[in-house]
Amino acid sequence: MVGDSDVVVDVRGLRMRYGQTDVLDGIDFRVRRGEVIALLGPNGVGKTTTIEILEGFRIRSAGDVTVLGVDPATAGEQWRARVGIVLQSWRDHGRWRVRDLLAHLGRYYEPYSTADRIRPVDTEELLDLVGLAEHAGMRIQKLSGGQRRRLDVAIGIVGRPELLFLDEPTAGLDPHARREFQDIVHRLADFEETTVLLTTHYLDEAQ
């Protein structure tokens, strides 16, 4: 039997209200260590709102939420170093070269390295993992849409997170790129022991 120590995300009675409208009305779920969980549904049903509450970016109206044993609404930098985030919209770092940006961002995680989880991920290892090794010297503004999405993932996992949030990660990707992205997610779960929580409106992707 899986014990409570293996619960990475615990959500009970989660509510989010904007004015007189309940966007989330009593959500309950748990995510356990090493699982890949998809929040499935069409646009506008509250998937992104749920993710943002779990990430600590949005304050819930009611309910109990713990992520990695901590309430994300009051979590500090030590907690944030354990969490990786891939946002729905891409933030432009167009003038940077791919390798330089990842190496730069990785340095922020060095103080949070532990004996059990070395941070950050080695830059060359990371480039290989997300399939950008051949493009490491390119300026980001010259990457294709699919390559930029791979970079988003690299940025999200550079700190070797215990929990990775992916918000509509394959939106705008062609079927081949989506399949490659799914392979990356499986590698993270299988070899990096990363728990993954993603949102999607693709039924096949959730399956």
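Computed from a prediction, not measured in an experiment: that's the story for all the values here.

Peer 1: Would you explain the packing of helix α5 (residues 145–157) against helix α6 (residues 175–191) in this entry?
Peer 2: The relative placement of two packed helices comes down to the angle between their axes together with the axis-to-axis distance. At a closest axis distance of 11 Å, the pairing of α5 and α6 adopts a crossing angle of 15°. It follows from the interaxial angle that α5 and α6 lie roughly parallel. At the point where α5 passes α6, the crossing takes the right-handed sense. Contact with α5, carried on its side by Arg-150, Val-153 and Ile-157, involves Glu-180, Phe-181, Ile-184 and Leu-188 of α6 and no other residues of that element. Its residues assigned to classes, the contact of α5 with α6 shows five nonpolar, no polar and two charged.

Peer 1: I tried to follow unusual backbone geometry on my own but got confused; where do I start?
Peer 2: Keep in mind that most residues, glycine aside, have a negative phi and that most peptide bonds are trans. Here Arg-119 and Pro-120 are connected by a cis peptide whose omega angle stands at -5°. As for its placement among the helices and strands, Pro-120 is situated in the loop between α3 (98–107) and α4 (123–129). Positioned with a positive phi, Leu-68 is a non-glycine residue whose angle comes to about 55°. The topology assignment puts Leu-68 in the loop between β4 (62–67) and α2 (77–80). When its relative accessible area of 10% is taken as the criterion, Leu-68 is described as buried. At Arg-160, a position not held by glycine, the phi torsion is positive, near 50°. Structurally, Arg-160 can be placed in the loop between α5 and β6 (163–167). Residue Arg-160 is classed as buried on the basis of its relative accessible area of 15%.

Peer 1: Would you mind going over the pattern of salt bridges with me for this structure?
Peer 2: Two side chains that carry opposite charge are able to pair once their charged atoms sit near each other. For the coordinates displayed, the defined rule picks out 13 salt bridges. Here Arg-99 ties to Glu-124 by a salt bridge, and the two come within 2.7 Å at their closest N and O atoms. With Arg-99 in helix α3 and Glu-124 in helix α4, this pair connects stretches of sequence that are 25 residues apart. On the basis of relative accessible area, Arg-99 is assigned to the partly exposed category, the value being 32%. By relative accessible area, Glu-124 is classed as partly exposed at 41%. Between Arg-150 and Glu-180 there is a salt bridge whose closest N-O contact spans 1.9 Å. With Arg-150 in helix α5 and Glu-180 in helix α6, this residue pair connects regions lying 30 residues apart in the sequence. When its relative accessible area of 28% is taken as the criterion, Glu-180 is described as partly exposed. It is possible to trace a salt-bridge network through shared partners that takes in Asp-10, Arg-12 and Arg-30.

Conventions used here
- Residues numbered from 1 in each chain as written.
- Predicted model: local features only at pLDDT ≥ 70, side-chain atom pairs only at ≥ 80, totals over all residues.
- Heavy atoms only, no water.
- Axes fitted to C-alpha atoms, helices over the stretch in contact; angles between N-to-C directions.
- Helix = DSSP H or I, 4+ residues; strand = E, 2+ residues; numbered from the N terminus.
- Parallel < 35°, antiparallel > 145°, perpendicular 65-115°, else oblique.
- Left-handed = near helix turned anticlockwise from the far one by under 90°.
- Contact = heavy atoms within 4.5 Å.
- Nonpolar A, V, L, I, M, F, W, Y, C, P; charged D, E, K, R; others polar.
- Buried < 20%, exposed > 50% of the residue type's maximum accessible area, 1.4 Å probe, protein only.
- Salt bridge = Lys/Arg side-chain N within 4 Å of Asp/Glu carboxyl O.

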